[in-house]
Structures are given as structure tokens and as C-alpha cells.
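# Overview (structure and organization)
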Amino acid sequence: MMRNYNSRQTAKPGKKPVPLFADRNAYLPLRAIIKDIVEENELVKTFAVVFEDEIYNTNFTYLPGQFLMLSMPHCGEAPISFSSSPSRPGSFSLTIRKAGKLTSAVHELQPGDMIGVRGPYGKPFPFEEMRRHDLLFVAGGIGMAPLRSVIEFCLDYRADYGDIKVLYGCKTPADFCFRQDLEKWAGEGLITTRFTVDAACEEWNGCVGLVTDLLDDVTISAGSVKALVCGPGVMIRFVAERLLRSGLPAGDIITTLERHMKCGIGVCGHCHYDSRMICTDGPVFTVSQLPDLESL
Amino acid sequence: MNRNFILKKDHLQPLLRKLSKTHRLVAPVRNDFGDTLFTEITRLDSAVIDLQNQPQSSLKSFFFPQQETLCSYIVDKKLNKGKMEYSFHARLPENAPTVFFGVRSCDMFAVMYTDMIFLHQHERDIYYEQRRDSSIFISIGCNRPFANCFCNATRSGPFLDGGFDLQLTDLGDRWFVETGRPRGVRLTEEWPGFFTPVSEDDKRKQFQAELEARGLFRKLVHVDLAVKLLAESEPPERIIEELSRRCQDCGGCAYICPTCTCFNISDLALNEDSGERIRSWDACTFSGFTLMAGNHNPVNAASERIRKRFLHKLRHDVEKHGRPSCVGCGRCVEMCFGGVDIVRFIDMLTAAGENGLQGEK
């Protein structure tokens, strides 16, 4: 049985919790308010969001790896994964890279502005299988966003997991997200971290090279470790291949994929991947579930 | 247990007139251009109901319109101390009780498939449900299959065992009537004057008509073999590439297909402060179908675009739902001017399969 991670938070006394999914219109977004904005770097911002409906907000929960559909006026919707952990309720975070029309509009938002959201959707990371294992996180660029949700979640249930190691690579030092968080947790001895950038530059005195290079210093003991990998498709491929060569079974390498999506509920067809839909069969997959690593 | 009746051909028009008093009536109607399309009939006397030709359209658009508004939205930047307010208002379609008359078995079967997609997956689609909810289907078995039909090979015709409310068989001067779902039974009970008992001779004739129809298909399409080949190995790249190159990106096959249900959702701004969220038909063969922000496309449109279309129908739906989702209506054969229809694909695949797909790359 799944541990009771998914239990709804108790509503405030005197207020009856509303049923979350009673006869609802699957396509109608709910109103949510931007509470706080953190500028991670030039292109990436993290938005803390609450639902306008206080009761709904209290009752809302999700799991790391899941995503929601974010609405922006005149821009339609886009799938965005949670970068916060449901173990810290009250609000949730979306970490968004300025990449197209919708995400550029999101970057213009100010605290107090309203967005539309529906979800949560998709399969989360397999926490039941991850328990009692060492965790090896390998992230590239904005791929850290969904992994941050997992890391924070695991820190809140720290005793359930063995060593937690985070390897994080970016193009330049300016591209890192959540670096303060990660370094703080490393400082407290909760996790170990390694950072790398693609090319050497003046303001960087750390590791230089691809994130796969960081794996050279990591001892992989198959059976006791689960690897969680997220980043650009080609990075996922090379990290997965490297881990497979080190003897890690494909079922212990977990990744989360990104696709164009319109509905989030397995109908519109846009996120097809072989016989699967990324939105409902994923976005979290083990490498053993993927037909090949070339078409990521 | 299906009940059987006879409906005299002279009585059909009066029955439809009775039904049209309480229901919207939709049937294959030949228009002034000579096209036969499923059309809502407002004046039964002047409408030309055409049962001789295959309707060019299926029923898909009645439940899943080519374009529909899901909701409207309003943006207000001034209302709340300069903060942006953003609200959504659902625009649910009217639930209009409708009799669909003259539905061919393939199209009836397709409705059962789209029901599964929109109503019985992860979330119920209330837009589809609202339109679909109070429908009555009076289908017609095909005594004589049309030129491009191959529903015998997809097992979705020429006659059905269920799914319809009433199924009619043409016995010359009369219709043989079979009841299917409860609404059909109720219909025969509400209008007992129209539905008279069958004789043993009628039953024999109906059986004969059904048997003869199976021998009248002009196209021999090896659907089962194609499904088997695709379950065993990948289709030869040569076939995928050739057909992808011939595809002209028009989406006609998906639009005309009664079981293609991919869609797009986009915002249509009406002015700076408001707009509508529109759902419209989409096609997996379109080059932008899988395009992501930042211009990354996981599917190479030039060489791969038709892969999803044919594998979805003949492999993925077999894995998921136990049967292919092609209903053998043959409309894409007529529609595609590049010859990239499912029959062409099946023919190429099975021809290659004679030598074993494994050896071919």
C-alpha cells in the first residue's frame, strides 16, 4: 500500500471540505493567485501559487512528478510540473523558463495577478519503490524543477531514504536554479551536491564538463540506488546510457519527459509516445518502460 | 434478446414525422450539389433522404464538432487594485434529444469507439456527453457494400449485433427491424402501430440478405494480417518514409475519419479583455502536431508523420482496447489525393510481409 502521502490536509474547523472532483468540467481552469516570485536566473522564475478558493487550496494536493495545465490570457494552456513539495502545503510552486509566447507572458506577472490552473495530472515518481534506497539525482538546466519537488519531499521524510546525491549541470553558472536551496541542504549534511558547467569561465571555479562526467566519481551499487534523471532529451539519453553501462538496471533509472500537450487527460493525442500518452502514462517513466532512448 | 419487427416502407416517413415532433432528426440528406451528408432535417417533406449512397461525412461532428467553444474568459486589469483578474465561464452545449436515422454500421461502430475515448477514460468529457446523451440511433445494415468499404475485414459491419437502438434491413417493400439498446425497445413500444410482427419468411430473408452482403465486398483488405504483422515487428522504414513523403499535410484523412479524435485547444482573443477557448479537430499528420516551445519536435514530420496515424489504428488501439480502431468505412481512400490511405498502407505492409518483415529495413 502507498503510504498516506496523498491524504488531504484537514480543512479549517467550521468549513466543510468541498469534494474536489464532483461532476466537474475537466477543461475548466480554476482561478489561482501568484503569491510570490523568485527570479532563479535571467530566463527562469519560480512562482508560488495559491487557489483563490481557500477551501480548495487547503484541500489541494499532488505528488512530485505530476504537472498541471497553466492558462494565460489569450495564450491557451501549457503543462508545467510542480517544483515544490506537497509535504509543505499552503501553496505550490511552478518554475518556468521563458521559452515561448505563454511562458513569456507568465514572466510579466506580478504578485497578486491571477492565472488559471487545472490538475494535478500524470503519474508521480514511484515513491514506494524509492524508499529505503540511495537516491542519485542527475539534472540538466531547467530539468531541476521537477527534481527539486522530489528532493524537498524526500527531505521531509528523510529517514525513509539512504544517501541523497545531487549532480547538476548547466550551460553557464548563471543558468543554475535553486542553487541556494541545494547548497543549504548540503551544508546541513542532508544531501551531497556536485555542480558542473559546460564551458570554463571566469566566475566559475567548480567543475567543467558535461553532467555525465560527474558520474565518473560516483560509485553505483546496483540494487541499492535509484537514479532520477531530468533535463534535455539528449542529456537524459547520455546519462541513462552511462548509468546502464555502470550496471544500474533500466528499471532503477527514472526520468520525466516533456511533450506538447493540450488536454492533460489522455485524449487530445499531442503527447503520443509510441503506444503511450505522456500525460496519463507518464510523464514519469523508468528507462525500462521506454522503447528507445533516441526519440526523447 | 433482440426483438424483431416489420416496418413497412410506406410507414417510414410517417414514423420519422412523429419522432421529429419530440426530437431533432438527423439523416443522410442529398444537398443541391449532389453531396450526401448527415444533416439536421427541419422540413421533412422537402428533404431528400438518400439511402442509396454512402454519406460522405460520419456522425463525428455531431458529438465532437470541428470547432467548439469550451469556455469564454475575461481579463480585468483594473478591477482589483491593478492586479490582473482572470475568470472562466463554461459554455456547455445544449442537450438536444436527437434521432439519427440511416446510420451505417461502420459509423455506428465508430460512435461506440468515440464513446470509449471521451466517456470511459481518465476523465469524462462533458461537452461530448452533453451532445451524445439523448441520442437514438436507427441504423441500416448494408445489403450492398459501397465501392471502398471493407467493414467485413474490420468486423464493424455490414450488420451489427449491438450498439444501435434499432437496426433496419432492407427487404424490398419493407424494413426488417431489430431492437438493440433499451431506447430502441421503448421506441417500438411507444409506436406499436408502426412495428408489426415478423413472419418466419421475413427472418429467413433477413438472414439471407446479411449472408449475401458478406459476399459482395469489392475490396479485399487484410486487416487481421496487418495487425498481426505490426504486433510482431516494426513496419519497414521504406513504407513509412514513402507514405510520409506523399502526405501533403492536409489532415483530410483525420477529419473524414469517424474514429480520429485528436484535437487542439487554443485561445481566440475577442478583444484585449476577453476571448474564447476553442477546441478544434487536429491531425497527428500535421507537421506542427508535436512541436514544443523552443522549436523542438520529437517527431520528424518529413519521414515519420504517418507512423502514428497507422500504428495508432492498427497496433496501439489493439494493445489498449483489443481491436483496431479502423471501422472500414473507406472514406480516407476517396479523400486522400496522395494515396496515403489506410488501405494503401495495409496493402504495402502485407505485401512486404509475404517475404517476412524481419528481413526488411
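This part covers the overall build of chain B. Of regular secondary structure, chain B possesses 13 helices and 11 strands. Relative to its length of 361 residues, chain B is compact, with a C-alpha radius of gyration of 23 Å against a globular reference of 21 Å. Judged by the C-alpha coordinates and their principal axes, chain B covers about 70 × 65 × 40 Å. Looking at chain B residue by residue over its 361 residues, the buried ones come to 54%. Approximately 16700 Å² of chain B is accessible, and the part contributed by carbon and sulfur atoms is 50%. Distance between charge centroids for chain B: 1 Å, based on 48 positive and 48 negative side chains.

Attention now moves to the confidence of the model for chain A. Predicted confidence across chain A gives a mean pLDDT of 90, with 92% of residues reaching 70 or more. Confidence drops under a pLDDT of 50 for residues 1-22 of chain A, and excluding neighbours within four residues, the segment shows 37 contacts in the predicted structure.

At the junction of the two partners, chain A supplies 43 residues and chain B supplies 51 residues. For the chain A face of the interface with chain B, the top three residues by lost area are Y27, H74 and H272 of chain A, together amounting to 18%. Across the chain A-chain B interface, the total number found is 2 salt bridges. Residues E77 of chain A and R277 of chain B are paired through a salt bridge, measuring 3.5 Å at the closest nitrogen-oxygen approach. The interface formed by chain A and chain B includes 26 residue pairs in polar contact (both at pLDDT 80 or more). For the side of chain A that touches chain B, the secondary-structure elements that each account for two or more residues are β3 (67-72), β4 (76-81) and β6 (114-121) of chain A. With 4 residues, the single largest contributor to the side of chain A that touches chain B is β6 of chain A. The class makeup of the residues in the side of chain A that touches chain B is 19 nonpolar, 15 polar and 9 charged.

The next point concerns the packing of helix α8 (residues 223-232) of chain B against helix α13 (residues 342-353) of chain B. Residue and element names in this part refer to chain B. The interhelical angle for the contact between α8 and α13, taken along N-to-C directions, is 65°, at an axis separation of 9 Å. Read as a crossing pair, α8 and α13 show a hand that is left-handed. Residue-level inspection shows V223, L225, A226, L229 and L230 of α8 in contact with α13, the latter providing F345, I346, L349, T350 and G353.

Attention shifts here to the environment of P197 of chain B. All names here are of chain B. Counting through the fold element by element, P197 comes out in the loop between α6 (182-190) and α7 (200-214). With a relative accessible area of 70%, P197 lands in the exposed category. In sequence terms P197 and R3 are 194 residues apart; their C-alpha atoms lie 9.7 Å from each other.

Residues and elements named next belong to chain B. Strands sit in the order β1-β9-β8-β7-β6-β2-β3 across an open sheet of 7 strands; the sheet is mixed. Taken across any chain shown, the strands that pair with only one partner, and hence form the sheet edges, are β1 (4-8) and β3 (36-41). Taking the axes of each pair of neighbouring strands and ignoring which way they run, one obtains an average angle of 30° across the sheet. One ladder, built from 6 bridges, connects strand β6 (residues 98-104) with strand β7 (residues 135-140); its direction is parallel. The partner of T98 across the bridge, within β7, is S135. Across the sheet, helix α3 (residues 105-119) is in contact with β3, β6, β7 and β8 (166-170); its angle to β6 comes to roughly 125°. Against the sheet, α7 contacts β1, β8 and β9 (174-179), and its axis sits at roughly 85° relative to β9.

As enumerated under the stated definition, the model contains 34 aromatic pairs over all chains in all. A centroid spacing of 6.2 Å and a plane angle of 45° characterise the contact between F60 of chain A and F82 of chain A, whose relative ring orientation is tilted. Of the two residues, F60 of chain A is situated in the loop between α1 (54-59) and β3 and F82 of chain A in the loop between β4 and β5 (92-97); the sequence distance between them amounts to 22 residues. For F60 of chain A, a relative accessible area of 9% puts it in the buried group. For F82 of chain A, a relative accessible area of 0% gives the class buried. Here R279 of chain B stacks its cationic end above the ring of Y27 of chain A, 5.2 Å away from the centre of that ring. Here R279 of chain B stacks its cationic end above the ring of F263 of chain B, 4.7 Å away from the centre of that ring.

This next bit is on the sheet that holds β4 of chain A. Residues and elements named next belong to chain A. Ordered in space as β4-β3-β6-β1-β2-β5, the 6 strands form an open sheet in which the pairing is antiparallel. The open sheet has two edge strands, β4 and β5, and neither has a second partner. Within the sheet, the average angular offset between the axes of one strand and its neighbour, ignoring direction, is 40°. As judged from the 7 bridges shared by strand β1 (residues 30-39) and strand β2 (residues 44-51), these two strands associate in the antiparallel manner. Bridging from a neighbouring strand, E39 pairs with K45 of β2.

The rules behind these values
- Residues numbered from 1 in each chain as written.
- Chains lettered and ligands numbered in written order.
- Predicted model: local features only at pLDDT ≥ 70, side-chain atom pairs only at ≥ 80, totals over all residues.
- Heavy atoms only, no water.
- Helix = DSSP H or I, 4+ residues; strand = E, 2+ residues; numbered from the N terminus.
- Rg over C-alpha atoms; globule rule 2.2 N^0.38 Å.
- Buried < 20%, exposed > 50% of the residue type's maximum accessible area, 1.4 Å probe, protein only.
- Areas by Shrake-Rupley, 256 points an atom, 1.4 Å probe, with all protein chains shown as cover.
- Lys, Arg positive; Asp, Glu negative; His and termini not counted.
- Charge placed at Lys NZ, Arg CZ, Asp CG, Glu CD.
- pLDDT = per-residue confidence, 0-100.
- Contact = heavy atoms within 4.5 Å.
- Buried area = accessible area lost by both parts, 1.4 Å probe.
- Salt bridge = Lys/Arg side-chain N within 4 Å of Asp/Glu carboxyl O.
- Polar contact = N/O pair within 3.5 Å; in protein donor to acceptor, adjacent residues only side chain to side chain.
- Nonpolar A, V, L, I, M, F, W, Y, C, P; charged D, E, K, R; others polar.
- Axes fitted to C-alpha atoms, helices over the stretch in contact; angles between N-to-C directions.
- Left-handed = near helix turned anticlockwise from the far one by under 90°.
- Pairing = 2+ DSSP bridges.
- Phe/Tyr/Trp six-rings, centres within 6.5 Å; stacked < 30°, edge-to-face > 60°.
- Lys NZ or Arg CZ within 6 Å of the ring centre and 35° of its normal.

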